[in-house]
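Each chain is listed here by its residues.
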Amino acid sequence: METPLSNSGNPPPKPTQRAPLALSGLDFKLLKVFKAVVEAGGFSAAQNELNVGLAAISKQISDLEIRIGMRLCTRGREGFHLTEEGRLVYQASIDLFASVDNFRDRLSSAQNELIGDLGVGIIDNTISDPNSPLVAALRRINTESPKVRFQLQASQLDEVERGVVEGRLVAGIVPVYQKREEFDYYTLYEERSEVYCAVGHPLFTVPEAEISSNVLKDYECVNHRYAIHRDKLNFARYDSFSASATQVEAVALLIKTGCFVGFLPQHYAANLVAQEQFRAVRPDLIHIVTPFNLILRHNTVRSPLVKAFAQALGVDLKAQG
């Protein structure tokens, strides 16, 4: 392969000036395939999303690379990886489709009809929270605007935030431990968490009256890694967090061993308590409250669909932010 140093001492040829890409319907289709592949994490993982075979996906990505004159990704035994150009094209495709959605939203608004994709990120295990307005909001949107397509993604907190920042999601409903300047925050509800132990743990059979608010400092606790509550250290020593987990269900599994205590949302643990597998440890003394907010990317135009979703959640976008 030639390089500037191996070209017989002659200066490297000037790159050919490429004409601006005029997007056609085919280009939009290929960019959608590329975007789906990136978000799935590879060709094989994207087959279900795109409902086409591996060979067809590979050909479409190759066709896109030829049309735009860039190598977008590497694929093979080493796995799927974006090139620098691929990352640029992926981000540009997010912006492109967001602009198309915004254009479509404006037209539908003029026709008093909402259409388009509503991509919302949530965290795991919130379905049992009676305070969450999400289910009622989705039902209302579906009833009033049946042409809206829902894209609901349950992920870890940092992944939901990243999706909103990058434009893959239009909104997130998340617990707020500290606010970030990339988002506008809108209050929704609060989630109460209490400390639980399971059958087999020494605390499970101790009478309530014999348990003090300092009891956790004598036992090993599960650290819920993204739930960054300063209040936790009012109840447990930092060095007592001898196990860690990312998701609520993983915390519950560690507690279920009988080796650890840990904080869980009250609504999530209620069924386990009813089955007498778990016990709340002095919930009158040991509990924390987490605000849940609707988050939207800061300094972006709110489409009619986003406004309708916020309204269905009971949020006044003008009053907060």
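This is a predicted model, so every value here is computed, not measured. (Residues numbered from 1 in each chain as written. Predicted model: local features only at pLDDT ≥ 70, side-chain atom pairs only at ≥ 80, totals over all residues. Heavy atoms only, no water.)

Participant: Sorry if this is basic, but what is going on with the overall build of the chain here?
Facilitator: Scanning the chain for helices and strands turns up nine helices and eleven strands. Burial statistics for the chain: of 321 residues in total, 42% are counted as buried. Taking contacts inside the chain between residues at least 6 apart in sequence as the whole, the part at least 24 apart equals 68%. On the chain, roughly 18200 Å² of surface is accessible, and the fraction owed to carbon and sulfur atoms is 52%. (Helix = DSSP H or I, 4+ residues; strand = E, 2+ residues; numbered from the N terminus. Buried < 20%, exposed > 50% of the residue type's maximum accessible area, 1.4 Å probe, protein only. Contact = heavy atoms within 4.5 Å. Areas by Shrake-Rupley, 256 points an atom, 1.4 Å probe, with all protein chains shown as cover.)

Participant: Got a minute to help me understand unusual backbone geometry in this structure?
Facilitator: Across the chain, the bulk of peptide bonds are trans and the bulk of non-glycine residues have phi less than zero. Unlike most non-glycine residues, N51 shows phi in positive territory, near 60 degrees. For N51, the position within the fold is in the loop between α2 (47-50) and α3 (54-68). A relative accessible area of 68% places N51 in the exposed class. For N299, which is not glycine, the phi torsion reads 60 degrees and is therefore positive. Its location among the elements puts N299 in the loop between β11 (287-297) and α9 (304-312). According to the relative accessible area criterion, N299 is exposed, its value standing at 67%.

Participant: Honestly, the environment of T187 in this entry has me stumped. Any pointers?
Facilitator: By the secondary structure assignment, T187 is in strand β6 (residues 183-198). T187 gets classed as exposed once you look at its relative accessible area, which sits at 52%. Taking the C-alpha atoms as reference points, T187 and L294, 107 residues apart in sequence, are found 6.5 Å from one another.

Participant: How should I be thinking about the confidence of the model for the chain in this particular structure?
Facilitator: Do not read the fine detail of predicted coordinates wherever pLDDT is low. Across the chain, the average pLDDT comes to 85, with 86% of residues at or above 70. With pLDDT under 50 throughout, residues 1-17 is counted as low confidence; its partners more than four residues away or in other chains account for six contacts. (pLDDT = per-residue confidence, 0-100.)

Participant: Is there a simple way to think about the packing of helix α5 (residues 134-144) against α9 in this case?
Facilitator: Each pair of packed helices can be summarised by the angle the axes make with each other and by the distance between the axes. Relative orientation of the contacting elements α5 and α9 amounts to 130 degrees, with a least axis distance of 8 Å. Classified by the angle their axes make, α5 and α9 are oblique. Between α5 and α9 lies a crossing whose hand is right-handed. Along the contact surface, α5 presents L134, A137, L138, R140 and I141, while α9 presents A308, F309, Q311 and A312. Of the residues belonging to the contact of α5 with α9, the class tally is seven nonpolar, one polar and one charged. (Axes fitted to C-alpha atoms, helices over the stretch in contact; angles between N-to-C directions. Parallel < 35°, antiparallel > 145°, perpendicular 65-115°, else oblique. Left-handed = near helix turned anticlockwise from the far one by under 90°. Nonpolar A, V, L, I, M, F, W, Y, C, P; charged D, E, K, R; others polar.)

Participant: When you look at helix α1 (residues 25-40) in this model, what are you seeing that I'm missing?
Facilitator: An α-helix turns once every 3.6 residues. As a result, residues three or four positions apart point the same way. The first and last C-alpha atoms of α1 sit 23 Å apart over 16 residues, in line with the 22 Å expected at 1.5 Å per residue. Within the span of α1, buried status applies to D27, L30, L31, V33, F34, K35, A36, V37 and V38. Two residues or fewer after α1 comes G41, characterised by a positive phi angle close to 95 degrees. (Expected span 1.5 Å × (residues − 1).)

Participant: In this structure, what is going on with the packing of α1 against α3? I would like to understand it.
Facilitator: Following both chains from N to C, one finds α1 and α3 inclined at 120 degrees, their axes separated by 9 Å at the closest point. Put simply, α1 runs oblique to α3. In the crossing of α1 with α3, the sense of the turn from one axis to the other is left-handed. Residues L26, D27, K29, L30, L31, V33, F34 and V37 of α1 form the contact with α3, whose own contacting residues are I57, Q60, I61, D63, L64 and R67.

Participant: Would you take a moment to explain the nonpolar core for this structure?
Facilitator: Nonpolar side chains tend to gather and get buried jointly when the protein is soluble and globular. In this structure, I173, L188, L294, L296, F309, L313 and V315 are the most contacted members of the largest nonpolar core, which totals 36 residues. A per-element tally of this core places α9 first, with six residues. Once residues lying within four places of it in the same chain are set aside, the contact partners of L294 are A171, G172, I173, D184, Y185, Y186, L188, F309, A310, L313 and V315. In this structure, V37, F43, A46 and L64 belong to the second largest nonpolar core, which totals 20 residues. (Core = buried A, V, L, I, M, F, W, Y, C linked by side-chain atoms within 4.5 Å.)

Participant: Please clarify how the side chain of S155 should be interpreted in this entry.
Facilitator: Position of S155 among the secondary structure elements: in the loop between β4 (148-154) and α6 (157-166). Within the local environment of S155, its side chain forms a polar contact with the side chain of Q153, the two groups lying 2.9 Å apart. When neighbours within four sequence positions are excluded, S155 is seen to be in contact with I122, I123, D124 and V160. (Polar contact = N/O pair within 3.5 Å; in protein donor to acceptor, adjacent residues only side chain to side chain.)

Participant: Please clarify how the packing of aromatic side chains should be interpreted in this entry.
Facilitator: Any pair of aromatic rings gets described here by the distance separating the centres and the angle formed by the planes. This model, assessed by the stated rule, comprises four aromatic pairs. For the pair F28 and F97, a centre-to-centre distance of 6.1 Å together with 70 degrees between the ring planes defines the contact as edge-to-face. One end of the pair, F28, is in helix α1; the other, F97, is in helix α4 (residues 84-110), and 69 residues separate them in sequence. Since its relative accessible area comes to 28%, F28 is described here as partly exposed. When its relative accessible area of 11% is taken as the criterion, F97 is described as buried. On the numbers, 5.9 Å between centres and 55 degrees between planes, the contact of F43 with F80 is tilted. Here the residue F43 occupies a position in the loop between α1 and α2, and F80 occupies one in the loop between β1 (73-74) and β2 (81-82), the gap between them amounting to 37 residues. Each of the two residues, F43 as well as F80, counts as buried. (Phe/Tyr/Trp six-rings, centres within 6.5 Å; stacked < 30°, edge-to-face > 60°.)

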